[in-house]
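Okay, here's what each chain looks like letter by letter:
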Amino acid sequence: QVQLVESGGGLVQSGGSLRLSCADSKSTFSFYRMGWYRQAPGKQRELVAFINNGGTATYVGSVKGRFTISRDNAKNTVYLQMNSLKPEDTAVYYCSAYLADVGNYWGQGTQVTVSS
């Protein structure tokens, strides 16, 4: 069973930066495609970025050029570096681990609040 634990959320001013981390306790981490999603109040959960087990990253929408996803398989950890944050980035951010035959595992979420 994959267990994902996120950290690094908080309150930051517009234009600031945060780095989220997501650690997996299992040694099978390297097999998973890892992703970050976010859910703002009253909105559906949306994909932010994902990185496959070969290290290729994909970004969605307005985060392109501002966010960077990376992974360290030796530490079973995926990161999301968020720069030039905007108030519209405010959301609960969720880490996911995806395997084709299994589906998504989810972390508990971490709150990111960007003040204007």
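Residues numbered from 1 in each chain as written. Predicted model: local features only at pLDDT ≥ 70, side-chain atom pairs only at ≥ 80, totals over all residues. Heavy atoms only, no water.

(A) A look at the state of the cysteines. What the rule picks out here adds up to one disulfide. Through a disulfide, Cys 22 is tied to Cys 95; the S-S separation comes to 2.1 Å. On the sign convention where negative means left-handed, the S-S torsion of about -80° between Cys 22 and Cys 95 marks this disulfide as left-handed. Residue Cys 22 is located in strand S3 (residues 18-24), and its partner Cys 95 is located in strand S9 (residues 91-99); the two are separated by 73 residues in the primary sequence. This pair shows no difference in class: Cys 22 is buried, exactly as Cys 95 is. (Disulfide = S-S within 2.5 Å. Helix = DSSP H or I, 4+ residues; strand = E, 2+ residues; numbered from the N terminus. Buried < 20%, exposed > 50% of the residue type's maximum accessible area, 1.4 Å probe, protein only.)

(B) Region of interest: the environment of Ser 115. Take Ser 115: it is sitting in strand S11 (residues 110-115). When the C-alpha atoms of Ser 115 and Glu 88 are compared, they prove to be 9.4 Å apart, with 27 residues separating the residues in sequence. Excluding residues within four positions of it along the chain, Ser 115 makes contact with Leu 11, Val 12, Gln 13 and Ser 14. (Contact = heavy atoms within 4.5 Å.)

(C) Geometry of the packing of aromatic side chains. Across all of its chains, the model carries two aromatic pairs by this definition. An angle of 70° between the planes, with centres 6.2 Å apart, marks the rings of Tyr 32 and Tyr 105 as edge-to-face. Linking Tyr 32 in the loop between S3 and strand S4 (33-39) with Tyr 105 in strand S10 (residues 103-106), this pair joins segments that are 73 residues apart in sequence. On the numbers, 4.8 Å between centres and 70° between planes, the contact of Tyr 37 with Trp 106 is edge-to-face. A residue pair is termed long-range when its members are at least 10 positions apart, and Tyr 37 in strand S4 and Trp 106 in strand S10 qualify at 69 residues. We classify Tyr 37 as buried; its relative accessible area is 16%. (Phe/Tyr/Trp six-rings, centres within 6.5 Å; stacked < 30°, edge-to-face > 60°.)

(D) Examining unusual backbone geometry more closely. At Asn 76, a residue that is not glycine, the phi angle is positive and equals roughly 55°. Topologically, Asn 76 is positioned in the loop between strand S7 (67-72) and strand S8 (77-82). Located in the positive-phi region is Ser 84, a residue other than glycine, with phi close to 50°. Within the secondary structure, Ser 84 sits in the loop between S8 and S9. You can call Ser 84 partly exposed: its relative accessible area is 42%.

(E) Region of interest: the pattern of salt bridges. One pass over the full model with this rule turns up three salt bridges. The salt bridge involving Arg 38 is made with Glu 46; its shortest N-O contact spans 2.7 Å. Accessibility expressed as a relative area gives 7% for Arg 38, which makes it buried. In this structure, Asp 89 engages Arg 38 in a salt bridge whose closest nitrogen and oxygen atoms are separated by 2.9 Å. Of this pair, Asp 89 sits in the loop between S8 and S9 while Arg 38 sits in strand S4, and the two are 51 residues apart along the sequence. Overlapping salt bridges, with partners in common, bring together Arg 38, Glu 46, Arg 66 and Asp 89 in one network. (Salt bridge = Lys/Arg side-chain N within 4 Å of Asp/Glu carboxyl O.)

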